[in-house]
Each structure stands twice: as structure tokens, then as C-alpha cells.
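A structural walkthrough
Letter by letter, the chains look like this.
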Protein chains: 2
Amino acid sequence: MHETRPGTARERLLAAALDLFAEHGVSGTSLQMIADRLGVTKAAVYHQFPTKDEIVLAVIDPALQRLGPIAERAEAQRGHTARQDAVLAGVVDLVVEFRRLSSTLSFDPVVVRLVRTHHALRSLQRIRRMLGGTAPDPGSRVRIAALSGGLMMAGADPAVAGLDDEDFRDHLLAAARRILRG
Amino acid sequence: MHETRPGTARERLLAAALDLFAEHGVSGTSLQMIADRLGVTKAAVYHQFPTKDEIVLAVIDPALQRLGPIAERAEAQRGHTARQDAVLAGVVDLVVEFRRLSSTLSFDPVVVRLVRTHHALRSLQRIRRMLGGTAPDPGSRVRIAALSGGLMMAGADPAVAGLDDEDFRDHLLAAARRILRG
């Protein structure tokens, strides 16, 4: 199936890749499939991105780049609660903006492997620490694990597909606060 | 890499498949990879499971079969709160028992496709309805979407990997109640 979408060749390639990742997972998507979807040769895809890992990184990079500023802005707040509020607001905004991406790729084994060696991992760890995800008590750990999963996956749910971004953001932030604060 | 684990040939095959699904996603795992992991021929795998879909279904079936009884037990309760409590207890038990499975496969595109036509989908819909996931207000919808994601993915979090099942269950149930009730 050929697609003609607006944007540069690179943007069209990344959009087609994300569609295919959502349908088949990253491991189930080949450079050839991406080429076929775009109606170009595999060589043309290869010319822009010699490996699939580079495509995945290009798809997730804009979201990962946001983690550092979120961590910094939160760390600049005084007091535990203000820091948590800043983290939650930043992460919820990020999830809403990259709604489709987060639910499609967050738990893909290939993405998990790539993020593990990405410099943004440090920001992610700072964010988790501020939320209490590294606290010694099991209650905090489970709460943050459930919060992470809830934030990442909420956008994938067909029941929220029809909500506009503002509604989705407000209610997701409320749900996130509820998990953290009780 | 060959593995020798206890259990029948079928159980060993399914365990090896789940390992590979966790590493590569379902789409990134071939019958040949499963055969190699077990140190058998592809024909031997094919003899038990002619398609990968059948392997995936065999892996997820024990968990899916539990959804019907969870829905029935909850529907037998009187009152909204008692029904929600029964649903949460049942689903949290299920998540704890199939801890690894839920986090590995719940959002895999292949699994999502297979569940969509599985008879257990009806039980899942009954369960979501009891939790309020089909309510018209956006707040309930987002809450249930976050709850589902949180329940499914919490077990995948490295920060909870060391917790025993009882601790994990208790704190996950508490977090789930918090999302629902505020």
C-alpha cells in the first residue's frame, strides 16, 4: 500500500515506520516492509537509515529529549510535593503529546533495549526517583510501577481514543495524582 | 542455546516461546528460533503447533480462561462497590499469578489481534463495564484506561522484580483501589 502524506521524505518514512511498528511490533517490521508501504525501494530506506535501530531511535528521540527538561524543571522546585507535581504535569503532557508513540512502543522489547543505553535513561531515573520509584518500601515501588504502566498505556485504550487532548490530559493527571497520593 | 527444563515437551516449548517473545516480541520470534532454543528441529515444533498464532494462544489461554469466572463471581455480588472489589481482587490475583505473561504479552500487537477474536473478550468487556470503563464520562474512561495499563505493566517493572507475590498483590490492590476511588 502506497502512502502520500505531507512532510519531508524523512518524516513520511518515520510515520510509515510507526504505523508498521504498531501493527507488527518493531521486531516484526523490516526495512523492506517500510519501503513497500512508502512505495520506494529498500535501497532508498537504507540510504536514510542503514539499520532499523536507527529508525526506532529517530521515532522515539523527540519524546526522549523531553525527559531531561522535565527532570530539571521538577528538581528546581522546592519541596517534595511541588517536585512531584512538576514531574507529573511534565510526564502527562509528554504522554498526551506522544499519545500514540507511548502506547505503541514503550514496552516493545526492542525499544526497551535501546532506551537502556540511551542517555535519556538518566533523566528517566531522576524522574522515577522524584516520584518515589526507588524508595525502599514495596508500597512505593508497586505504586510507581503501576503509575508508569498506567501513564504509558492509557493512550492505547480504545475507550479514550475519542477524547480530545485537553480532556485526556486533565483526567490522566487526576488519575496519576490519585495513585501517588491516595 | 539449548535448554533442559522440567515438564512435558509441550510445556518446555511454551516456556521457550515465552522467553523469546519477551526478548523479541511475538512478531520477531520464528518457529525456527523456538526450535533452536529447544535444540529440536523446526519440524518437531511444527508437529505440535503448525502456526505461531497457535503457540501464542496456548501461552495466553490459561490466563484468558480465568476471566470468565472472575466476571461471574463479581456479577454475583450485590451493589456496585462489592462488584468492583470482587473484580479488582480477581484481576489483581490473575496479574500476580501471570506476572511475567501479562507484562510480556498484554500489549503485543499480535496478542491484541488474537484476543480481539477470542471468546474471553466478552468476559473482559464485562469486567471493564463493572469497573466503569464504558461509562460515558471521560474521567471514568481515562481512569479505567490507566488502571488497565497499570495492572498489566506493573509486573514488568524491574523495581518490583524482587517483591514476593504476596507483597506485590497487596500493594497492587491498594494502588488499583486508589485509582478507582480516589
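Everything quoted here is computed from the prediction, not taken from an experiment.

Concerning the pattern of salt bridges
Under the defined criterion, the tally for this structure stands at 18 salt bridges over all chains. Asp157 of chain B is the partner of Arg128 of chain A in a salt bridge, and the nearest nitrogen-oxygen pair spans 3.0 Å. With one member in each of two chains, Arg128 of chain A in helix α9 (residues 120-131) and Asp157 of chain B in the loop between α10 (138-154) and α11 (165-181) form a pair that bridges those chains. Note on Asp157 of chain B: relative accessible area 8%, which makes it buried.

Some remarks on the relation of the copies chain B and chain A
Mapping chain B onto chain A leaves a residual RMSD of 0.0 Å; the transformation is a rotation of 180° accompanied by 0.0 Å of translation along its axis. Taken together, these values place the two copies in the relation of a two-fold axis. Nearest to the rotation axis, the C-alpha of Gly150 of chain B is located 2.0 Å from it, this being the minimum over chain B. In this assembly the copies share their binding face: 100% of the residues contributing to the interface of chain B also contribute to that of chain A.

A look at the UniProt feature "DNA-binding region" (unreviewed entry) in chain A
According to UniProt, the positions carrying the feature "DNA-binding region" (unreviewed entry) are residues 30-49 of chain A. Between the end C-alpha atoms of residues 30-49 of chain A there is a gap of 12 Å, over a span that is 75% helix and 0% strand.

Looking at the UniProt feature "domain: HTH tetR-type" (unreviewed entry) in chain A
The positions UniProt marks with the feature "domain: HTH tetR-type" (unreviewed entry) are residues 7-67 of chain A. Overall, residues 7-67 of chain A shows 74% helix and 0% strand. The separation of its end C-alpha atoms is 25 Å.

A closer look at the packing of aromatic side chains
In the structure shown here, the tally under the stated rule is 0 aromatic pairs over all chains. The positively charged end of Arg99 of chain A is found above the aromatic ring belonging to Phe168 of chain A, 4.3 Å away from the centroid.

Digging into the interface of chain B and chain A
At the junction of the two partners, chain B supplies 36 residues and chain A supplies 36 residues. Taken together, chain B and chain A are joined by 8 residue pairs in polar contact (both at pLDDT 80 or more). Mapped by element, the contributors of at least two residues to the side of chain B that touches chain A are α1 (9-24), α10 and α11 of chain B. The element best represented in the side of chain B that touches chain A is α10 of chain B, accounting for 12 residues. Partitioned by chemical class, the residues of the side of chain B that touches chain A number 17 nonpolar, 11 polar and 8 charged.

With respect to the domain arrangement of chain A
Residue and element names in this part refer to chain A. By the assigned domains, chain A splits into domain 1 (9-50) and domain 2 (60-181). Computed from C-alpha atoms alone, the centre-to-centre distance between domain 1 and domain 2 is 28 Å. Listed as interface residues are 7 residues of domain 1 and, on the opposing side, 7 residues of domain 2. Both faces considered, domain 1 and domain 2 share a buried interface measuring about 550 Å² in area, 68% of it formed by carbon and sulfur atoms. The three residues of domain 1 that bury the most area against domain 2 are Leu18, Ala22 and Val26, which together make up 69% of that side's buried surface. Linking domain 1 with domain 2 are 1 salt bridge, by the criterion used here. Taking the shortest distance from any N to any O, the salt bridge between Arg100 and Asp19 comes out at 3.1 Å. Taken together, the links from domain 1 to domain 2 amount to 2 residue pairs in polar contact (both at pLDDT 80 or more). Grouping the amino acids of the side of domain 1 that touches domain 2 by side-chain chemistry returns 4 nonpolar, 2 polar and 1 charged.

Some points on the environment of Ala76 of chain B
All names here are of chain B. Here Ala76 lies in the loop between α5 (67-75) and α6 (80-97). The exposure class of Ala76 is exposed, given its relative accessible area of 64%. Counting along the chain gives 26 residues from Ala76 to Pro50, while the straight-line C-alpha distance between them is 40 Å.

Brief notes about the environment of Val142 of chain B
Inspection of the secondary structure puts Val142 of chain B in helix α10. On the basis of relative accessibility, which here comes to 0%, the residue Val142 of chain B falls in the buried class. Setting aside residues up to four positions removed in sequence, Val142 of chain B forms contacts with Val160, Leu163, Phe168, His171 and Leu172 of chain A.

Things to note about α10 of chain B
Relative to the 24 Å expected for 17 residues at 1.5 Å per residue, α10 of chain B spans 24 Å between its end C-alpha atoms, a close match to the ideal helical length. Within α10 of chain B, 13 of the 17 residues are buried, leaving the element largely enclosed by the surrounding structure.

Some remarks on the environment of Arg122 of chain B
Structurally, Arg122 of chain B is set in helix α9 (residues 120-131). Each C-alpha atom of the pair Arg122 of chain B and Gly68 of chain B lies 8.3 Å from the other, and the pair is 54 residues apart in sequence.

What counts and how
- Every chain is numbered independently, its residues counted from 1 as its sequence is written.
- Each chain gets a letter, beginning with A, and each ligand a number, beginning with 1, in the order they are written.
- Under the rules for a predicted model, residues below a pLDDT of 70 receive no local features and side-chain atom pairs below 80 are neither given nor counted, while totals for whole chains, interfaces and linings still include all residues.
- Heavy atoms from the whole structure form the basis of all side-chain values; hydrogens and water molecules are not counted.
- For salt bridges, the criterion is a side-chain nitrogen of Lys or Arg within 4 Å of an Asp or Glu carboxyl oxygen.
- Numbered from the N terminus, helices here are DSSP runs of H or I no shorter than four residues, and strands are runs of E no shorter than two.
- For the exposure calls, accessible area comes from a 1.4 Å probe over protein chains only, and a residue counts as buried if that area is under 20% of its type's maximum, exposed if over 50%, partly exposed in between.
- Copies are brought into register by a least-squares superposition over C-alpha atoms of residues with pLDDT of at least 70 in both.
- It only takes one pair of heavy atoms within 4.5 Å for two residues to be counted as in contact.
- UniProt positions are given in the numbering used here, feature names are shortened, and annotations may be inferred rather than shown by experiment.
- Here a Phe, Tyr or Trp ring, Trp counted by its six-membered ring, pairs with any other such ring whose centre lies within 6.5 Å, and the pair is stacked when the planes are under 30 degrees apart, edge-to-face when over 60, and tilted otherwise.
- Only when the NZ of Lys or the CZ of Arg is both within 6 Å of the ring centre and within 35 degrees of the ring normal is a charge said to sit over the ring.
- The definition of a polar contact used here is a pair of N or O atoms within 3.5 Å, where within protein one atom must be able to donate a hydrogen and the other to accept one, and adjacent residues in sequence count solely through side-chain atom pairs.
- In this count, Pro and Cys sit with the nonpolar residues alongside Ala, Val, Leu, Ile, Met, Phe, Trp and Tyr, while Asp, Glu, Lys and Arg are called charged and the others, Gly among them, polar.
- Note that the domain bounds reflect an automated or database-derived domain assignment.
- As a working definition, buried area equals the accessible area (1.4 Å probe) given up by two parts on being put together, with both sides summed.
- What a helix is expected to span follows from its residue count: subtract one and scale by 1.5 Å.

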